Amino acid sequence: MTIDSERDSLPGYVKTVVWLLRVLVGVVFIVSGFAKADDLYGFIFKIEEYLNVWSMTQPRSLVLVGAMGLSVAEFILGAMMMFGCYRRTVVWLMLIMMAGMLPLTAYLYFTDPVPDCGCFGDFIILSNGATFLKNILITGALIYLIKYNNKIKGIFGAYIQWLVMTACVAYILVIGLTGYFLQPLVDFRSFPVGSELIADEEDSEDQEFEFIYEKDGVTESFDVENLPDSSWTFIERKQIGKSVKDKTELVVLDEGEDVTAEVIATESDQLLILIPDYSRADVSNTYLLNLMDTYIKSQGGSMMTLVSADAGEIEEWKDLSMADYPVYYAESTTLKEMARGIMPAVFLRDGKILWKRTLPSIDSDLFENAGQKPGLMDALAFDGPLYAKYLTFALIVILLLIFMLDRSGRLLAWSIKIRKKAQSLK
């Protein structure tokens, strides 16, 4: 029996169910793949969190390859499923992926080693229980599609679906590489471009906070007037009487004292250099940092470094970098959430985030012999969401062109077939 005859013998509802499942499963994979690729550093941090739980260490380069590969694979499989391309292969590849994901999420649900699986990055935070249920439903849908997916035609013809896949691969690679080498194009975290870095004084009036510190494996909370000495490690700040934090808050410490309100400029330009992992700090960036420090001071602004390190390491960094700017402590997770990269830069104007970039994306030639030339900091601004919209629009246009080419080809083939049949009847 041919596929066409099998299709004709199917109950009428099967086609509707197949397309419904294609769209639902496809969208889940597309969103998951996009969220991971967009914030590739965030996905890397999540993978390393898993590895730490299992006492496994892997080179960052290997983790990067795995993170990029998985995010691209999820996006492409989701797109091919939703468009009905490679109908047999895609279902089996998804099932192979779920054969790994389903046991993993079951383990997370029953043991709870990490608070969330990171399936959708920071875009959608699901509990481990919700994630496990989601994967059960997806697996059930794929089992149904094994039997029927290949019997229902897709949007694109078989001879042209490779173009669809190529366009989708190019799109998600650009999204991922831009997010890794510059910053995520779409920022779902607590410090997006345009937001105030610290809360307004009016918003913080009458609020009380407790400061969580750790020493020798013991965690204790302190109020602002009784902070411990530098032998304690700062963990986080919590608002008293508030069960769930709306967003991550930046806390800057100088020798254990909270100096956030004093050091964050709210009426001038300011450049923050973040070092969330001191062991990965690159001293070769110090030349660029000193150039930027000289320039921003010539414009009436200031610069400082926030580093997650102990007092000895902070002094070491001051010596290595020959810093003529202040260096303070901030918690690693907060710095990672503020901006992605080994040593990212965050530019503020009147306390509001104007742009974020990784240091390698900034050309040192821009600041050499810059003197007091105005506007150099503004020239580094990058509208990530707008860029993502342009890329998405370009992908949609390309897919529409492929669709039109496919339909034109089918129409041409149909007309040739009709002509041949007419000639045979003469």
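Here the structure is a predicted model, which is why all the values come from computation and not from measurement.

A.B. asks: Explain the nonpolar core to me, and be specific about the residues and the numbers.
C.D. replies: Residues Leu142, Val164 and Cys168 are the most contacted members of the largest nonpolar core, which totals 55 residues. Mapped onto this core, the elements with two or more residues apiece are helix 2 (12–38), helix 3 (40–53), helix 4 (60–83), helix 5 (87–111), helix 6 (128–148), helix 7 (161–181) and helix 14 (384–425). The leading source of residues in this core is helix 4, at 11 residues. Those residues within four positions of Cys168 in sequence are excluded, and the remaining contacts are Phe75, Ile76, Ala79, Met80, Phe83 and Leu395. In this structure, Phe211, Ile275, Leu288 and Leu376 belong to the second largest nonpolar core, which totals 36 residues.

A.B. asks: Could you give an account of the side chain of Thr260, with specific residues and numbers?
C.D. replies: By the element assignment, Thr260 lies in helix 9 (residues 260–263). Look at Thr260 and you get buried, because its relative accessible area is 7%. Each residue touching Thr260, except ones within four places of it in the same chain, is listed here: Ile198, Leu250, Val251 and Val252.

A.B. asks: Let's hear about the sheet that holds strand 6 (residues 269–275): which residues, and what values?
C.D. replies: The strands making up a sheet are joined through hydrogen bonds of the backbone, oriented either antiparallel or parallel. Spatial ordering of the open sheet is given by 5-4-8-7-6-9-10, a layout of 7 strands whose pairing is mixed. What marks the edges here is a single partner per strand, and that holds for strand 5 (257–258) and strand 10 (352–358). Pairing between strand 6 and strand 7 (residues 302–307): 6 bridges, direction parallel. Bridged to Leu272 within strand 7 is Met304. Lying on the sheet, helix 11 (residues 311–321) is in contact with strand 6, strand 7 and strand 8 (327–330); it crosses strand 8 at an angle near 145 degrees.

A.B. asks: Please give an account of helix 11 that cites residues and values.
C.D. replies: Structural remark: α-helix, 3.6 residues per turn; residues separated by three or four positions point the same way. Among all positions of helix 11, only Ile314, Trp317 and Ser321 are buried. An end-on view of helix 11 places all buried positions within 60 degrees of arc, on one side of the element. Set apart from the buried face of helix 11 by more than 90 degrees, the exposed residues are Ala311 and Asp319. Looking at the buried side of helix 11, the elements it contacts are strand 6, helix 10 (286–298), strand 7 and strand 8.

A.B. asks: An account of the environment of Ser302 is needed here, citing residue identities and associated values.
C.D. replies: Within the secondary structure, Ser302 sits in strand 7. A sequence separation of 32 residues divides Ser302 from Gln270, and the C-alpha atoms of the two residues are 4.8 Å apart.

What counts as what
Residues numbered from 1 in each chain as written. Predicted model: local features only at pLDDT ≥ 70, side-chain atom pairs only at ≥ 80, totals over all residues. Heavy atoms only, no water. Core = buried A, V, L, I, M, F, W, Y, C linked by side-chain atoms within 4.5 Å. Buried < 20%, exposed > 50% of the residue type's maximum accessible area, 1.4 Å probe, protein only. Helix = DSSP H or I, 4+ residues; strand = E, 2+ residues; numbered from the N terminus. Contact = heavy atoms within 4.5 Å. Pairing = 2+ DSSP bridges. Axes fitted to C-alpha atoms, helices over the stretch in contact; angles between N-to-C directions. Arc of directions from axis to C-beta.

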